[in-house]
Each structure stands twice: as C-alpha cells, then as structure tokens.
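# Summary of the model geometry
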Amino acid sequence: MKRARARSSPLPIRLLALVGLVAGLLAASFGAGGAASAAVQTVLYAAPSGSGSTCSLAAPCSLSGARGVVRGLNSAMTGDIVVYLRGGTYRVSTPFQLGVQDSGQNGHTVIYEAYPGEAPVISGAIQVTGFSLYDSAKGIYRASVPAGTSSRQLFVNGVRAVRARGPYNPGGFTLSGSSFVTADSSYLSFTNVTGVEIADDQQWKHLRCPLASITATSSGGSSLNVNPTCFANNNTNVPNVGFPLNGAGLPTLSNVSWIENAYQLLDTPGEFYLDSAAGYVYYIPRSGENLATADVELPVAQELLDLSGTPGHLTPINDTATGITYTGSWYQNTGRTYGDFGNDVHATTVNGDSVSYTFTGSGIEVLSEKYSDEGNIDVYIDGTLKETVSAYDGTERLAQQAIVSISGLSAGTHTIKLVKTSGTYMLLDGFTVIPTAISPVHDITFSGIGFEYSTWLLPSTAGYIDNQSGVLWDPATDLPLKTPAAVQVHRGNNINFSRDTIAHTGAAGIDYADGTQNSAITGNWISDTSASGVDLGEVDDYYVTLTSLMTLNDTVTQNTITHVGMDYHDDIGIWAGYTRNATLSNNEIGYSPYGGISLGWGWGWESSCALQAKQGLSTCRHGTNYAGANQILNNDIHNILQYTSDNGAIYTLGGQGGGDGSLTSIVAGNVGADALYSDNMLYHDEGSSYWHTYNNVIRFGGSNWIGMWTPTIHDITIDSNYSDNSAYLNNGTNITFTQATIVTNGAWPTAAQSIIAAAGPSEQYKPVTGQIDDDNLAITYSGSWYSSIRRGLGDLNDGVHATQANGASASLTFTGTGVSFLDEKYSDEGNIEVYLDGVDKGSISASATTRQSQQTLYSVSGLSPGTHTLQLVKTSGTYMLVDGFEVTRTLNDTDAALTYSGSWYYSSGRGLGDYADDVHATTANGDSVTVTFFGSGISYLTEKYSDEGTIAVSLDGASQSTVNANASTRSAQQVLYSISGLTPGLHTVTLTKESGTYMLVDRFDVS
Ligand SMILES: [Ca+2]
Ligand SMILES: [Ca+2]
Ligand SMILES: [Ca+2]
C-alpha cells in the first residue's frame, strides 16, 4: 500500500506526472490489490481521543465511533470504505470487536488503515508512571497500579521485561509426590506463594503450574508444593486419549527448568514483579533506562482485536448427550479402541431402528463409523426424507466419519432422524450442529496498524497444560484448547492484515481460527510474542466434509516473524492445524524456542491400521481429515529449537492428501538453519503423508537434515534438496527418497544459492534495517563454519557462527555507506584479516583476556553509497566468531520502503549529482514521505537549492524539528536531518513539505 508506484514508470522530466490528490491516490493504493474495488466510497477518520460522530479529518471519532458510522454505510456500499487511524495509542481493555455487520458488502472492502505518515497503535496496556526507588541495595524501583490489576508481562521502552525468575535449570530439586523438594531453605521466605510458578521445558513440551504452598522439610530444606489440580493435569493424569488428539509418549511436569514470579526472585536488571493484590509493580531497570522518562507498559487486555463470524467454534456433541432419542434396540458401546468420539458409540443391529435429535441451527453433521459390516441409513429432516447415505466401507474401519453433512437450513429448530435400512450394524458416534447460518465476518483489511501489548491470564490459575505447539488440554473435557492470540479472527472470509505490526503479546500474535477462508496475512512485522507468531486453523475439525466449514485458501506470506514463544517454550513461528490450500511463503522466521513452521495434526489417525501395526501400535484408531494442497514455500527459517526439542525448521504431523490422497502438499524452496535441539531439520512426523519435499536448503544444525521415523509416515517424495549434513532418517512407507546434494565448506551449487537468495520476504517487504545478525542470508560463509545459539554470553540475538579453520571466511555484501563488524573478544580468539571490496584492510584482533560481547572489531563509514563487500578471514587463534554487523544502509528515493503521500513525481537523469541520479519531488505543501525502519538511526539526504524551503520532521509520530533545504547555491546529497542512538526497534520518520517551491527526496541512510 501507498508505495512509490512511480518507480515502475520513471519520468524523465519534472512536472510531467501528478500521481493525484486524495481520491486518486486512494484508488491507486487500494485498487492495485483487488480489481473489484474500483473506487473509494467514503473516507473516515478515527483518533485515540476522537469524540466526533462524523469521523471527519477535522473531528475524528473513536474507533467504535467509526465502526458505528461504517454500520450505517456498508449496507449500500458502492466502493471501499476507508477508516484512517490517526497516529497515537488507542488503549483498549477489551478487544475492538468487528462482526458480520461490520463487513464489506457488494464486493467492496472496509479498510482500517494508518493515516499516511502516522503510527496508530491499538494497545492493551496501561502506562505505569511514578516509579521511585524502593530497595537501593538491589536497585528495585516501585510504582503503583490499581489494586487487583492482573498481568503476566511488562514492557519498558518496547523491550520485554522478565517476570522475576530464578536461574535456568537450577538443579537440586527432587520430585516427591506433587512437591519439588530441595535442601535450599531460602524458598521459605517467599511471599504470595500461590502466585509462584514452576516452569519445565521437557522434550517438546513446556509445562507450568502454580504452587499451593512452600513448607519446610524435616531436614531443613524447602518443599515447593505444586497446586494439586494443576499437578494432576500435568503429571499424574495427563490426557492421553490417542489419535487424533494426541499420540503416545507424554513428558510430564517432573523437573524444574526455572521458578518464576516471587518478589524474592527479583535480583537482575530487566526483571519485574507485579503484586496484584497490593497494587504495586516492582522493576529493576536495565543499564541506560531512566524510569522517570521511560515508557512502561503493563498489558491488561487479553485480546486487542476480535473479528468473529458465525458459527464460532464447532464441537461435536457426543452420542450420549441428552436430547438424543434412540428408538428400538440400541445399545451403548464404550472403549472400542477404534477412535470413536468420546470413546463411545450407540449401535443397533435392527433395520428400522432410528435415532432422532432436535436442534436449533442451520445445519448438522452426523458422525459415525464406516466399515464393511455397516449399510444404508435414511436421513429425514423435519419428517421429510432428505437422502440415503451409506456407512459401508469395504476396505478399512474408519472412525468419526461425517456420513451426513447438511447445511443451508433455515435458521431455527429442526429434527434429524436417521433410520437403519441395511447392513449388520448402524452406529451413531455424535452430531455437530451448525447453530446459525454459516456467516463469516468478511471483506475487512487492516494496514499499517500496530497491535501491541496484551497479556493472557489463564496460566496464572490453571497452569500450562501442554499437548504440543501451543495446543493445550482443557482438563475438564480432555479436548484440545488453542492458546489465544492478541489478534483473533473467527470464521472470517477475505480478512487481510497487511504491513501491520503485531508485537509484545502475552499469548500468540494472530490467529485465523474456526474455518477462516480466503484471507491473507501479508508483510507484517510479528515479534516478541509469548506464544506462537501466527496460528492458522483448528485441531478438532478433522471430520469436516463441508468445504464451507474448512480452513481454506489462506495465505501467510512475506512476514517477518521473530522472537516468538518468549514465555511458552513449546511455541512456534507459524503453526497450522487442519488446513486446505494454505500457502505459507516467503516468511522470515527466527529466534524460536521450538520449531519454525508446524503444519498438520492427528499423528497416525489417517494412516491405515496396517501401517499403525507396523509402527507397533497395539490398537488402531483410523479416521480421515480434510488437510491437503498446502504449500510451504521459500521461507527463511533460522535460530530455532533454542529450548525444546523434537521439532524442526519445518515440521509436519498427520495426513495430507485431502482425505483420499488426491491433494498433495508441498515443502519447497525453504532455507532451514541454525538449530540447537533439532532431531530433523525437515521433519515429517507421525502419520505425515502426501508431501512433495524438494529444492530446500538445510544447514548449520540438526541431527538429520530430514527425518521420517516410523512406518505410518507414507507416500512422500523427496528430491533436489541441498544440505551440509548427510545424515537422514527414513523409516517411512512408500517414500520416494533421493538423498540431498551434500555440500561441504559452504560451496553451495548455483541452484542452492538461488534458493538462498529467494528465501524469505522479497525486497519490498523486508524490514528496513542495518542490523545484520550472523544468521542473515546476506552473509556467505566459506569453510567449515557452524552455528552456536543460546550461548548466554551477550551475543546479538544470543548466537554466533564460529569456525576453527584458518582461511575460513565470512562475506557480507551490502548497499550502504558504512559497516561495523560486531563480535566477541576472548582469549581463545585470534586475528582476522579484513577485505573491503577486495582490498586488504589489514588485520584485526579478537583476542582479549576477558570475554567481551558485541565489540566493534572493525568499522568503516563514508563509503560511496552503493554495493560493497566486507570479507573477514580467520588467520589465527583457536576460534573465529561472527556475531553480527551494523550496516549504514542506503535507501534510494525509489526504495519500496519509502511511502509518499500527495502529488509526488519522479525525476531521473538530472545530472546534478543526485544519488543514483534521481529524486522524488513535490511542489505541494503538506505532501510527505515516510520511512519505517528497524534500527537506531536515520539520515535524510537531498539537494539544497534556492527554490527549496523548509521541511517538518516527525519521529514516531512526535514532531522533531524543521529543517531547511534552502541555499543560494545548488549542492547535492546534503544531510538535512540525522538522528542516531534510538532504542533499537521499529521507528517511523515522516518529512512534510512546509515551504519553498520544491521539496526533494534523494536518499535515506538507515543504521
Ligand atoms: Ca461418541
Ligand atoms: Ca548474533
Ligand atoms: Ca536518488
């Protein structure tokens, strides 16, 4: 949106092209994406403090006010409705909610969009001020919040604080009953004991429980007594209901990875403690933080945005439910071990026996079994014979089959009656009622908006009862419970998030739930989430056969998804359950405690009983699901499996194929790298089927580059992959396996280099940043390098690449005017030879007696703007490390990262010394250009001349200064504005023409 489209048709002469005023600009911006929306019907404006009811630019309304106006307009839409959000913080304690009535109509879209150059943020936090020093010895500050305020997170200047905790893997604890016992008596001093939590990273799970009490042991130590209900759910009585809800092997809460949330654990800068009952936040500031001026945000909302269609989440009702009337000689059969819903069915052998159920809704699905001893069933709706269905399947017994799928009834009360007419048996397993018409929330877009600061309180009382990948157990029902998200879409259609920021969340980032269809998550910055970044689909709708109920045709593309699972270490970059025709493409996913992408569910549920037996399972639970035709393409996945194990860069689970093997899914073009605890970097886990896995590059970590450990994994084709590790595991069935091209010393063939170059977001969606971590694809490693992550030694993003081979080299090619090489210094490191654009710049030393992290070992500035290559070659010492780089990155005026607002035009070939011999220009006061970047500084360079005037500068929505481009003589590429030393993160600079005949934009330098 709003990018400088003039770039594609450069105009050589000034004043030739007017991009257009507001209406035209909007048409160009929004019309480009979808041909249906030819024009904007209405433009509305909202502001954080808005109170107007007309939603005009002069009198903007509140968000809910804008929603009200949209409701008055959208029944007669003739074009898109645009709601511009003015900059500022929209604080919510409950989510901003949109429903079916807020949808776009007549093929048009309701667009909630950042006003050009402004940075609206929908925040779920309260701001905490008034800190005073509370304990000078420990450096603890305290501020008041309303008593009873509940939260599990705190953020200071956009940086996550750490809930006060003890060390990782403290040791010394023994599990005794439901208590963790230690000789350390210090825990006896803990206060607010029922708020204290034990967290346990255990294989692929993250388990967590609050304590009930802390008592003294007879030998003078401490007994940390876990809340007994939570302990039972996480240890003695972990749900193990089998396929399709979970498989065998159940790590339990049995170890202390860390202890969290006691005031007495508050001992490290960056840690906080919230005493909810007393109404105090305690915090130890980090170096450089001034609590008198810091922005301290305490999230209190559990959800920021909620879009919900109907029906909401569908859950089958069991055959034992009240209201189901069985007529004839039915009997109940429980514990058949075939995978029945609720582990039971009703059955009859008598033709003419019937079952009736009266429901309120618009449709119903009937779950039964298919098998060779079953026959025909007549289906009556409201007394009228609707159809005859067959439950016969001659090949294999299939549980939980939707043998009847009826939709489109008038919403109201209906009665379904099923009558056995043939076969030995008729079974009823359950019903799924579609309570109202299938009516998604639809045709809504969010663009350029921040969704930041949320919490999630369930773990404070229930603990964290993990199954896998953020899918928990509801202990009351033994049914799955998905971790919620800050941005939640239920039953959406054509709901799109584009270039938004979703960050600093207390649960997941964004969730497309409950059969959301035809919707896209494109080009967003999703970072610093307590749980997963993106969730897509469900785990308990496998039986669905109505395409209108499926999670279908969704896209997650061009997103930057980093630092996920900050609290819950079983979480993942992108998680998808049952989906059909989903595309997960060109995302960067990095810094994950667990895997990168996980797609599918159900374990061996969709594999035949023969394959389940071959796997060694003593019972067979075989059904179907609708997943298939999914594509995982061109993702850049790095720095994963930091805390938990048994996942991969890309992980698949359960069957694809669309239920009959006709819909093959694809894993192609991805780069997976830098894993700490990976078994298989590409991981087709239990029951995975109908995949084609090709053209992937796997490097820097993992026991196996690909793994298929058991025979229920079947019908997968693997070819044309590249890896620096030859190890693989293939115990699957009907696997067409071609070993990867094995690459040593970084000598990737041209085809692999092309995959690396194309992976991740394309240039126009990449974050504008000069910060290059060691696992960035822009760095070429030659020689025997390896990746070392979660070193805990202060590295940039807690990881480095390392080599012990003299002559091994790392090269970074960048576009900019300067670069700094960040690295550790230590006694086991030696000399590094530096080459800049092929010229030997001499030797630098990484040797030091004490370890020092993130040292600038080499820095150069003032280079001619353009493409340069810095090469570093190890010449001595035991190790050479690469931690990261800081590039002063040059953005030409044509860069896709620049957003022009107003009547700008493009001029090239002026011959006046412009960078790249081109500029953007405008003659209209009020026109603006905006750059959003991830970094710590930016400079604006342009021409000065007598026909130019003053320009207003704002940073992150706050007015900064006015700069003057007026000068008697013409001089090109002058620094008009420059700022450095910002808190590293997302920042937005806007320059607005105030006076003079022209305002020109030539280039920006971002650092
Ligand atoms: Ca049942
Ligand atoms: Ca690093
Ligand atoms: Ca230029």
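Residues numbered from 1 in each chain as written. Chains lettered and ligands numbered in written order. Predicted model: local features only at pLDDT ≥ 70, side-chain atom pairs only at ≥ 80, totals over all residues. Heavy atoms only, no water.

### Quick look at the overall build of the protein
Within the protein, the secondary structure is distributed over six helices and 88 strands. Relative to a compact globule of 1007 residues, whose C-alpha radius of gyration would be 30 Å, the protein shows 30 Å and is just as compact. Per-residue burial over the protein gives 59% buried out of 1007 residues. The long-range share in the protein, meaning contacts at least 24 apart out of those at least 6 apart in sequence, stands at 76%. (Helix = DSSP H or I, 4+ residues; strand = E, 2+ residues; numbered from the N terminus. Rg over C-alpha atoms; globule rule 2.2 N^0.38 Å. Buried < 20%, exposed > 50% of the residue type's maximum accessible area, 1.4 Å probe, protein only. Contact = heavy atoms within 4.5 Å.)

### Here's the deal with the coordination of the calcium ion (ligand 2)
Every protein donor of the calcium ion (ligand 2) is listed here as Asp 773 (OD), Asp 774 (OD), Leu 796 (O), Gly 799 (O), Asp 883 (O) and Asp 883 (OD), and their distances to the metal cover 2.3 to 2.6 Å. In this structure, the calcium ion (ligand 2) is surrounded by six donor atoms whose angles at the metal cover 67 to 148°, and the resulting shape is irregular. Mapped onto the polypeptide sequence, the residues donating to the calcium ion (ligand 2) form the spacing pattern D-D-x21-L-x2-G-x83-D. Considered together, Leu 796 and Gly 799 belong to a single accessibility category, that of buried residues. (Donors = N, O, S within 2.8 Å, 3.2 Å for Na, K, Ca; no water. Tetrahedral: all angles 85-135°; square planar, octahedral: opposite > 155°, others 65-115°.)

### Some thoughts on the coordination of the calcium ion (ligand 3)
The protein atoms donating to the calcium ion (ligand 3) are Asn 892 (OD1), Asp 893 (OD), Tyr 915 (O), Asp 918 (O), Asp 918 (OD), Asp 1002 (O) and Asp 1002 (OD), with metal-donor distances spanning 2.2 to 2.8 Å. Between the donor residues of the calcium ion (ligand 3), the gaps in sequence give the motif N-D-x21-Y-x2-D-x83-D. Here Asn 892 is found in strand S77 (residues 884-892), whereas its partner Asp 918 is found in strand S80 (residues 918-922), with 26 residues between them in sequence. Look at Asn 892 and you get buried, because its relative accessible area is 11%.

### Comments concerning the state of the cysteines
Considering all chains together, one arrives at three disulfides under this definition. Between the sulfur of Cys 55 and that of Cys 61 lies a disulfide, 2.0 Å long from S to S. One disulfide, between Cys 55 and Cys 61, carries an S-S torsion of 100° and so falls in the right-handed class. For Cys 55, a relative accessible area of 2% puts it in the buried group. Look at Cys 61 and you get buried, because its relative accessible area is 0%. Across the disulfide from Cys 609 sits Cys 620; the S-S distance is 2.0 Å. Its S-S torsion of about -85° marks the bond between Cys 609 and Cys 620 as left-handed, since a negative value means left-handed. With Cys 609 in helix H5 (residues 609-615) and Cys 620 in the loop between H5 and strand S53 (631-633), the pair connects residues that are eleven residues apart, well separated along the chain. When the cysteines engaged in disulfides are numbered in sequence order, the protein pairs them as 1-2, 3-4, 5-6. (Disulfide = S-S within 2.5 Å.)

### Concerning helix H6 (residues 750-758)
Those residues of H6 lying buried are Ala 752, Ile 755 and Ile 756. Each buried residue of H6 sits inside an arc of 100° when the element is viewed along its axis, so together they form one side. In H6, the exposed positions that point more than 90 degrees away from the buried face belong to Thr 750 and Ala 757. Looking at the buried positions of H6, the neighbouring elements they touch are strand S57 (671-675), strand S60 (697-699) and strand S63 (722-723). Phi turns positive one or two residues past the end of H6, at Gly 760, with a value near 85°. (Arc of directions from axis to C-beta.)

### Describing the sheet that holds strand S26 (residues 344-348)
Across the sheet, which stays open at both edges, the three strands sit in the order S25-S26-S33 with antiparallel pairing between neighbours. The two strands at the open ends of the sheet, each matched to only one other strand, are strand S25 (331-334) and strand S33 (426-428). Direction aside, neighbouring strands of the sheet carry axes that sit 35° apart on average. Inspection of the sheet shows S25 paired to S26 by four bridges, in the antiparallel sense. By the bridge assignment for S26, Gln 332 is matched with His 346. (Pairing = 2+ DSSP bridges. Axes fitted to C-alpha atoms, helices over the stretch in contact; angles between N-to-C directions.)

### So, the sheet that holds strand S10 (residues 155-156)
Overall, antiparallel pairing links the four strands, which are arranged S7-S21-S10-S11 in an open sheet. Here the strands that pair on one side only, and so sit at the sheet edges, are strand S7 (125-128) and strand S11 (159-160).

### Here's the deal with the nonpolar core
Formed by 128 residues in total, the largest nonpolar core has its most connected members in Tyr 112, Ile 259, Phe 446, Phe 451 and Phe 497. If one sorts the elements of this core by residue count, strand S16 (residues 205-216) sits on top with four residues. The residues contacting Phe 446, other than those within four sequence positions of it, are Leu 98, Tyr 112, Leu 305, Leu 307, Phe 451, Asn 496, Phe 497, Ser 498 and Asp 500. (Core = buried A, V, L, I, M, F, W, Y, C linked by side-chain atoms within 4.5 Å.)

### Digging into helix H3 (residues 228-236)
Among all positions in H3, only Cys 230, Phe 231, Asn 233, Asn 234 and Asn 235 are buried. For H3, the arc enclosing every buried residue in end-on projection is 165°, short of the 170-degree limit, so these residues lie on one face. For H3, the exposed residues set more than 90 degrees away from the buried face come down to Pro 228, Thr 229 and Thr 236. Tucked into the core, H3 has its buried residues touching strand S13 (174-176), S16, strand S17 (222-226), helix H4 (458-462) and strand S37 (466-468).

### Description of the side chain of Lys 482
Mapped onto the fold, Lys 482 is located in strand S39 (residues 479-482). Residue Lys 482 is classed as buried on the basis of its relative accessible area, which comes to 16%. Of the polar contacts made by the side chain of Lys 482, one reaches the backbone oxygen of Gly 537; its length is 2.7 Å. At a separation of 3.4 Å, a polar atom in the side chain of Lys 482 contacts the side chain of Glu 538. Setting aside anything within four residues of it in sequence, one finds Lys 482 in contact with Gly 470, Val 471, Asp 511, Ala 513, Gly 537, Glu 538 and Trp 575. (Polar contact = N/O pair within 3.5 Å; in protein donor to acceptor, adjacent residues only side chain to side chain.)

### Some words on the environment of Gly 509
Mapped onto the elements of the fold, Gly 509 is located in strand S43 (residues 508-513). Residue classification places Gly 509 among the buried residues on the basis of a relative accessible area of 0%. With 19 residues separating them in the primary sequence, Gly 509 and Asp 528 have C-alpha atoms 8.7 Å apart.

### Description of the environment of Leu 266
By secondary structure assignment, the location of Leu 266 is in the loop between strand S18 (258-260) and strand S19 (271-275). For the pair Leu 266 and Arg 165, spaced 101 residues apart in sequence, the C-alpha to C-alpha distance is 6.9 Å. Discounting chain neighbours no more than four positions away, the residues touching Leu 266 are Lys 138, Ile 140, Ala 164, Glu 271, Phe 272, Tyr 273, Tyr 282 and Ile 284.

### Brief notes about the pattern of salt bridges
Pairs can form between side chains of opposite charge whenever their charged atoms are close. If you walk through the whole model with that rule in mind, you get 25 salt bridges. The shortest N-O distance in the salt bridge between Lys 482 and Asp 511 comes to 2.9 Å. Within this pair, whereas Lys 482 is found in strand S39, its partner Asp 511 is found in strand S43, the two being separated by 29 residues in sequence. A single burial state applies to Lys 482 and to Asp 511, both of which are buried. Where salt bridges share partners, they join Arg 152, Arg 163, Arg 165, Glu 197, Arg 208 and Glu 260 into one cluster. (Salt bridge = Lys/Arg side-chain N within 4 Å of Asp/Glu carboxyl O.)

### Concerning the environment of Phe 431
Along the chain, the position of Phe 431 falls in strand S34 (residues 430-434). Considering only alpha carbons, one finds Phe 431 and Thr 315, 116 residues apart in sequence, at a separation of 8.9 Å.

### Re the confidence of the model for the protein
Per-residue pLDDT for the protein has a mean of 93; in total, 96% of the residues score no lower than 70. In the model, residues 1-37 has pLDDT below 50 throughout and makes 73 contacts with residues more than four positions away in sequence or in other chains. (pLDDT = per-residue confidence, 0-100.)

### Observations regarding unusual backbone geometry
Pro 244 follows Phe 243 through a cis peptide bond whose omega is 0°. Relative to the assigned elements, Pro 244 resides in the loop between H3 and S18. Residue Thr 310 is joined to Pro 311 through a cis peptide bond whose omega torsion reads -5°. One non-glycine residue, His 504, adopts positive backbone phi at about 60°. Turning to its location among the elements, His 504 is positioned in strand S42 (residues 501-505).

### A look at the pairing of strand S59 (residues 689-694)
Across four bridges, the pairing between strand S56 (residues 665-668) and S59 is parallel. Of the residues in S59, the one forming a bridge with Val 667 is Thr 693.

### Focus: the side chain of Asp 685
Summarising the element assignment, Asp 685 is placed in the loop between strand S58 (680-684) and S59. It is Lys 205 that comes nearest to the buried, bridge-free Asp 685 among opposite-charge side chains, at 13 Å. Discounting chain neighbours no more than four positions away, the residues touching Asp 685 are Tyr 651, Thr 652, Leu 653, Trp 709 and Ile 713. (Lys, Arg positive; Asp, Glu negative; His and termini not counted.)

### A few points about the packing of aromatic side chains
Counted according to the given criterion, the structure contains 40 aromatic pairs. Pairing Tyr 84 with Tyr 115 gives two aromatic rings, centres 5.5 Å apart and planes at 85°, and the pair type is edge-to-face. You can see Tyr 84 sitting in strand S2 (residues 80-85) and its partner Tyr 115 sitting in the loop between strand S5 (110-114) and strand S6 (120-123), a full 31 residues away along the chain. Taking NZ or CZ as reference, Arg 142 lies 3.6 Å from the ring centre of Tyr 280, over its face. In this structure, Arg 790 is placed above the aromatic ring of Tyr 168, and the distance from its NZ or CZ to the ring centre is 4.8 Å. (Phe/Tyr/Trp six-rings, centres within 6.5 Å; stacked < 30°, edge-to-face > 60°. Lys NZ or Arg CZ within 6 Å of the ring centre and 35° of its normal.)

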